[in-house]
Amino acid sequence: MSSELNHKELHRCCDPASLGFETTAEVEPLSGALGQEEAMKALAFGVSVPSKGYNIFALGRVGSGRRTFIKRELEARAKTEPTPSSWCYGFNFKDPRRPVALELPAGRGELLKARVDALITDLKRAIPQALEADDVTNRRSAIYEDRGREANAAMAEFRKGVEKDPNVVLIGNQDGIVVVPAQEGEPITKEVYAGLSEEVRLIIDETVRGASKELFQTQRRMHELQQEAAGLAEDLHRQVTRSVVDHRFSNLKEFYLESPRILRHLDEMAEDVVENWEQFIPQEEQETELPPALGGGPGGEDFFRRYQINPIVTRDRNSGAPVIVESNPTPWTLTGRVEGQMRFGVMVTDFTRLAPGALHRANGGYLILHAEEVLSRPAAWATLKRALRTHELQPEDPSGAAGMVVPETLEPGPIPLDVKVILIGEPTTYYQIQQADPEFEELFKVKVDFTPHMERTPDTEKGYASFVAARCETEALPAFDATAVAAVVEEGSRLASNQWKLSTRFRAIRDLVRDCLLYTSDAADDSVLV
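None of these values were measured; they are calculated from a predicted model.

Enquirer: So, the environment of Gly-425: which residues are in play, and what are the values?
Expert: Mapped onto the elements, Gly-425 comes out in strand E16 (residues 420-425). Residues Gly-425 and Arg-67 lie 358 residues apart in sequence; the distance between their C-alpha atoms is 9.7 Å. Not counting the four nearest positions on each side in its chain, Gly-425 is found in contact with Phe-57, Ala-58, Leu-59, Gly-60, Arg-66, Ala-371 and Glu-372.

What follows is the structure, given as structure tokens:
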């Protein structure tokens, strides 16, 4: 049965006197999530569960304060949580295509890079000085002189034997000696040789073959002596280089005794320096620089890039867990990328060009994404799911993933992933993903539902006043008097389409607060009046 309504029943007024203040300057600014207490409880539950798969989907209408309330809550929580590790990439001395991931305590990634850079700079000075020291030069000279004397003695003995035979003679120098037929110690021509009797030719041929065989054996012995001298000199250079390297690396390792992987990387680096001591000897720059190979290139500065450290994720000590908001969630802004550089018409790269993604920066903390943005980027949803499913991060080459033909690229070592992902989206988006993707509920087990309205009670009306006070304080706006706040409350009921409820679309309420400035520019006092 229908009944007639009067005008008072069509509109519920808010009594300014019931708010208990004259202006919002007297009101404590809002710090919580007004009207979203249940959503905040669900959020607190989701972030407190350490088990895998308890990521969060926050569904609510645009303008309901979803991201603001979530980010504020997470930042407050993150300040009390431990700061996660820093991560670096280093050169893989065993397999240059697979850079190694290095974990360090927070705040020490950039410091490791600076220390290693300083150490290599010092070695570029110290190794040449040590190798050019007088005692090292004398020992090196003695090695070559001893083997040189032995080689000269072997050749002299061979020459002495040949000189006694009148049927052969040696022509050329020590670098290129040839045994030729002779008569009475003088070389003969082909015509003379052809005119000799068969018996004499047989004697000469036999003598030439024997002398040639002895020459080969003598030259081989000389080559062995040269190789032996070079090997002994190489061993000397390595010993001297190791004496320069070992104590310097030992001093550096003292800072990282609690990081076994860092110690192993420094040991591998020290051994590589010893093996490549000649790279530390200053050389004249080539007129034309060649493009570097993937694993470090030829000599010069390209070679020394292998000794650098790439701090892909750095943390400030005692900064707490990270809270990251990614507004452009592509596969490479999420999981990182391998950047290339065009040189001499060829795309090249190395481990120093590995760039982090949002998941790297949020690792050990929280990552906030908008679901609609993730779904609108090709392959972003699949990339996010794969990272959450495998619990690993591995930068990829965007060109290769896009199907382009690229040269050999890098396969960085994976970094363990421990992150809580919060997806924010419309209710329709939530249910569409739930219906279409069977993995969704396994990866996003927690649902945080932001209600579009709340009950209109004296407490929630005063909550509106606290919200207005917070906006005035944050944006340096004039204070609202009680009458103006009452008008805002009534507008909140109109937005909720229910006089017994208030809208939680706080973006619209915020805009309303700002719009009120149009009516206060000529006001006599500093408050917004109605």
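What follows continues from the structure just given.
Enquirer: Before we move on, could you go through the packing of aromatic side chains and cite the residues and values that matter?
Expert: This structure, assessed with the given rule, holds 20 aromatic pairs. Their ring planes at 75 degrees and their centres at 5.5 Å tell us that Tyr-430 and Phe-440 sit as a pair that is edge-to-face. Remark: Phe-440 occurs in helix H16 (residues 440-443) and Tyr-430 occurs in helix H15 (residues 427-436); sequence separation between them is 10 residues. Take Tyr-430 and Phe-440: they sit in the same class, and that class is buried. In this structure an aromatic cluster arises from ring pairing among Phe-91, Phe-93, Phe-280, Phe-303, Phe-304, Tyr-307 and Phe-351. Taking NZ or CZ as reference, Lys-124 lies 4.3 Å from the ring centre of Phe-304, over its face. Above the face of the Tyr-54 ring, Lys-445 is positioned so that its terminal group lies 6.0 Å from the ring centre.

Enquirer: Please give an account of the nonpolar core that cites residues and values.
Expert: Residues Leu-123, Tyr-307, Leu-359, Leu-367, Leu-384, Val-421 and Phe-444 are the most contacted members of the largest nonpolar core, which totals 74 residues. Counting residues per element, this core draws most heavily on helix H4 (residues 109-131), which supplies nine residues. In terms of nonpolar packing, the next biggest core, distinct from the first, is built from 46 residues, Val-27, Ala-42, Val-448 and Ile-509 among them.

Procedures and definitions
Residues numbered from 1 in each chain as written. Predicted model: local features only at pLDDT ≥ 70, side-chain atom pairs only at ≥ 80, totals over all residues. Heavy atoms only, no water. Helix = DSSP H or I, 4+ residues; strand = E, 2+ residues; numbered from the N terminus. Contact = heavy atoms within 4.5 Å. Phe/Tyr/Trp six-rings, centres within 6.5 Å; stacked < 30°, edge-to-face > 60°. Buried < 20%, exposed > 50% of the residue type's maximum accessible area, 1.4 Å probe, protein only. Lys NZ or Arg CZ within 6 Å of the ring centre and 35° of its normal. Core = buried A, V, L, I, M, F, W, Y, C linked by side-chain atoms within 4.5 Å.

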